[in-house]
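# Residue-level structural notes
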Amino acid sequence: MPTAHRAIGIMLVLFGQPVSKIVTMRMDEFRESQEGLQVKLGKDWTDVPEPAAAVIRFHLASRPGLSTAANPDCPLAFPGRMPGRTMHVYSVATILRESGIPAMATRSRAWMQMVRQAPPSVLADTLGINPKTEMRYAERAGTDYLAYANLHRPAGIDDL
């Protein structure tokens, strides 16, 4: 699988991002920090774990289609074959599916896993996903973060 498609697949699996959002990402939505590679999907920067970060770094350093005179400074992280255009969503989804990564099912599975580990409101802000969508997945996953505050309030709070 081409490196660009591997990087897109990683973003899909790790962060549950739609392919349509991933292919439109720009270079300024990725950065190196003291913690390693980070990506900005919502309001905050999110760490990309290794070895996934290595694949994304390699792709960003060797993006295809930048050797033409019309496209040397392309800001797109996933440039397409036409200058200034992103990779085509359907062709990316097809290659991922043929490689055993069905985009919608993979994205849903990623969200189901994430809402088991963090409150939907935090995920929605961090990943740039609609809070209602995250709550729907939290309900499907059997998590109840609405009751979280009641379950975890400090001792003596009732005395106030």
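Just above, that's the structure.
What counts, and where the lines are drawn
Residues numbered from 1 in each chain as written. Predicted model: local features only at pLDDT ≥ 70, side-chain atom pairs only at ≥ 80, totals over all residues. Heavy atoms only, no water. Pairing = 2+ DSSP bridges. Helix = DSSP H or I, 4+ residues; strand = E, 2+ residues; numbered from the N terminus. Axes fitted to C-alpha atoms, helices over the stretch in contact; angles between N-to-C directions. Contact = heavy atoms within 4.5 Å. Core = buried A, V, L, I, M, F, W, Y, C linked by side-chain atoms within 4.5 Å. Buried < 20%, exposed > 50% of the residue type's maximum accessible area, 1.4 Å probe, protein only.

### Here's the deal with the sheet that holds strand 1 (residues 30-33)
An order of 1-2-3 is seen for the 3 strands of this open sheet, with the pairing classed as antiparallel. Single-partner strands in this sheet number two, and they are strand 1 and strand 3 (45-47). Taken over all neighbouring pairs, the strand axes of this sheet differ in orientation by 35° on average, direction set aside. Two elements, strand 1 and strand 2 (residues 36-40), share 4 bridges in a ladder whose sense is antiparallel. Within strand 2, the residue paired with S33 across the bridge is G36. Packed onto the sheet, helix 3 (residues 52-61) meets strand 1 and strand 2 and runs at close to 75° relative to strand 2.

### A short note on the nonpolar core
Of all hydrophobic cores here, the largest spans 39 residues; its most connected members are I8, M11, F30, V39, V48, I56 and F78. Residue assignment for this core shows that the elements contributing at least two residues are helix 1 (3-15), helix 2 (19-22), strand 2, helix 3, helix 4 (89-98), helix 5 (103-117), helix 6 (120-127) and helix 7 (131-141). At 7 residues, the largest contribution of residues to this core is made by helix 1. When neighbours within four sequence positions are excluded, V39 is seen to be in contact with M11, F15, M25, E29, F30, D44, W45, T46 and V48.

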